[in-house]
Amino acid sequence: MKKVIIWIVVLIVVLAGVYLVLPEYPKSVVKSVFQPVLNSQAKSRIDQVKNLKNGKIDATYETILEGKVKTPTWIYESAGTVEKVTFQGSGADINIKDVEDHEDFLYQDCIVKFEFVISGNKVDIYPYIDGTLQDDVIKDVMLEQLYIGAASITS
C-alpha cells in the first residue's frame, strides 16, 4: 500500500513539473480543459465573453474567434476588481496588406490572442499576433479575417 501511495505522489510531482515548464500556449490548452469544470465563476465569465456581440461584425466573439484557428482556448483570471478572459488559438492566417499606416505583412500559421479585460460594465479588448500587442486598426482586421478568412481578403 505504501508503494502505491509513493508512486501516486511521484506521478503527481512529475506531472506538476511538466506542466510548470510548458510554454504559455500548451499550458493554456491544459488549463482551458480543466478550469471551467473546476471553477463555476470562470465558466460563467468565459461564457459571457463568448456570447458578447461584436459591434462591427454581426456575430458573437465565440463564432468570430473559433472558426479559423486550431485548438481554441479560453482562460479566466481575476485580480481584485479586474477580471480577464483570454482567448488563444493557433494556425491563423492574418494578412495586413494595404492597411493604412501599417507595414504590409502576412502572418501564416500564427498564434492569435485576445484579452478581454473586464472592469465593472466595461470590456477592453487587446489583440496579439504571435505575442505582439496590436492596435485597434489591426484588431478590426484580425476579427474580420478570423470571421471570414484571410484567404478571401488576400487577393
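Owing to the predicted nature of the structure, the values given are computational and were not obtained by experimental measurement. (Residues numbered from 1 in each chain as written. Predicted model: local features only at pLDDT ≥ 70, side-chain atom pairs only at ≥ 80, totals over all residues. Heavy atoms only, no water.)

Student: Please clarify how the overall build of the protein should be interpreted in this entry.
Tutor: Regarding its fold elements, the protein presents five helices and five strands. For the protein, the N- to C-terminal ordering of α and β elements is α-α-α-α-β-β-β-β-β-α. Out of the 155 residues in the protein, the part that is buried amounts to 36%. In the protein, the share of contacts with a sequence separation of at least 24, taken over all contacts with a separation of at least 6, comes to 48%. (Helix = DSSP H or I, 4+ residues; strand = E, 2+ residues; numbered from the N terminus. Buried < 20%, exposed > 50% of the residue type's maximum accessible area, 1.4 Å probe, protein only. Contact = heavy atoms within 4.5 Å.)

Student: Help me understand unusual backbone geometry, please; the structure alone is not making it clear to me.
Tutor: For residues that are not glycine, phi is negative in most cases, and the peptide bond is trans in most cases. Even without being a glycine, Thr71 presents a positive backbone phi close to 50°. Backbone geometry at Asp109 places phi at a positive 50°, although glycine is not the residue there. Residue placement: Asp109 occurs in strand β3 (residues 105-119).

Student: It is not clear to me how the pairing of strand β4 (residues 122-129) should be interpreted in this structure. Could you clarify?
Tutor: Within a regular strand, the side chains alternate between the two sheet faces. For β3 and β4, the ladder comprises eight bridges, and the chain directions are antiparallel. Considered in β4, the bridge of Phe116 is made with Ile125. Joining the antiparallel neighbours β3 and β4 is a turn of two residues, in which Gly120 adopts a positive phi near 65°. With two bridges connecting them, β4 and strand β5 (residues 132-133) associate as antiparallel partners. Within β5, the residue paired with Ile129 across the bridge is Thr132. Between β4 and the antiparallel strand that follows it, β5, lie two residues; Asp130 among them carries a positive phi value of about 50°. (Pairing = 2+ DSSP bridges.)

Student: What is the right way to look at the environment of Ile129 in this model?
Tutor: If you trace the backbone, Ile129 turns up in strand β4. Here the alpha-carbon distance between Ile129 and Cys110, two residues 19 residues apart in the chain, equals 6.8 Å. Among all residues touching Ile129, those that are not within four sequence positions of it are Ile94, Ile96, Tyr107, Cys110, Ile111, Gln134, Ile138 and Met142.

Student: Is there a simple way to think about the sheet that holds strand β2 (residues 82-96) in this case?
Tutor: Adjacent strands of a sheet pair through backbone hydrogen bonds, lying either parallel or antiparallel. Taken in spatial order, the five strands of this open sheet run β1-β2-β3-β4-β5, and their pairing is antiparallel. Only two strands of the sheet have a single partner each, and these edge strands are β1 (70-79) and β5. In the packing of helix α3 (residues 40-50) onto the sheet, contacts are made with β1, β2 and β3, and the angle to β1 comes to roughly 120°. Running over the sheet, helix α5 (residues 136-148) touches β2, β3 and β4 and is turned about 70° from β2. (Axes fitted to C-alpha atoms, helices over the stretch in contact; angles between N-to-C directions.)

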